Amino acid sequence: KRVTVMPKWNYRGLNKLVAHPAVGPDGFSYIKPRTILDLNVAYRLTARLSLTASVSNVFNDNLTQMFYGSETPAYARQRLNGEYGTAFSLGVKGSF
């Protein structure tokens, strides 16, 4: 096969972190659920030489941290929205 494509999906559900009694007796910090797609592609030039490419977090999904208890209104729950971008790498693979 000349072209190999390997997608990798990673889903992480709601991640409960540290208790925060300042927002109520049931107050915690959380990381919101997210799905990330990483993609690897290889193109075989010869039997021993290939070009490779890799992309991490293809859709640039954000990491959102929330901080709330049962009495916290919905508009006040989000604490941090981290945008870390998409990482690319290119390479040559050979076997001798």
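(A) Representation of the sheet that holds strand E7 (residues 78–82). Strands sit in the order E2-E3-E6-E7 across an open sheet of four strands; the sheet is antiparallel. Looking at strand neighbours, the two that pair on one side only are strand E2 (15–19) and E7, the edges of this open sheet. Across the sheet, the mean angle from the axis of one strand to that of its neighbour is 20 degrees, orientation sign disregarded. Where strand E3 (residues 28–31) and strand E6 (residues 63–68) come together, four bridges link them in antiparallel fashion. What sits directly across from Tyr 30, in E6, is Met 66.

(B) Here's a closer look at the environment of Ser 54. By secondary structure assignment, the location of Ser 54 is in strand E5 (residues 49–56). Judged by its relative accessible area of 23%, Ser 54 is partly exposed. With 14 residues separating them along the chain, Ser 54 and Asn 40 place their C-alpha atoms 4.5 Å apart. The contacts of Ser 54, once residues within four sequence positions are left out, are Leu 39, Asn 40, Ala 87, Phe 88 and Ser 89.

(C) Region of interest: the side chain of Asn 57. Relative to the assigned elements, Asn 57 resides in the loop between E5 and E6. Classification of Asn 57 by relative accessible area gives buried; the value is 9%. Among all residues touching Asn 57, those that are not within four sequence positions of it are Ile 36, Leu 37, Asp 38, Gly 85 and Thr 86.

(D) Up close: the packing of aromatic side chains. Within this structure, the stated rule accounts for three aromatic pairs. Grouping aromatic residues by their ring pairs yields a cluster made of Phe 28, Tyr 30 and Tyr 68. Seen from the ring of Phe 28, Lys 16 lies directly overhead, with NZ or CZ sitting 4.1 Å from the centre. Here Arg 79 stacks its cationic end above the ring of Phe 67, 4.7 Å away from the centre of that ring.

Reading the values: rules and limits
Residues numbered from 1 in each chain as written. Predicted model: local features only at pLDDT ≥ 70, side-chain atom pairs only at ≥ 80, totals over all residues. Heavy atoms only, no water. Pairing = 2+ DSSP bridges. Helix = DSSP H or I, 4+ residues; strand = E, 2+ residues; numbered from the N terminus. Axes fitted to C-alpha atoms, helices over the stretch in contact; angles between N-to-C directions. Buried < 20%, exposed > 50% of the residue type's maximum accessible area, 1.4 Å probe, protein only. Contact = heavy atoms within 4.5 Å. Phe/Tyr/Trp six-rings, centres within 6.5 Å; stacked < 30°, edge-to-face > 60°. Lys NZ or Arg CZ within 6 Å of the ring centre and 35° of its normal.

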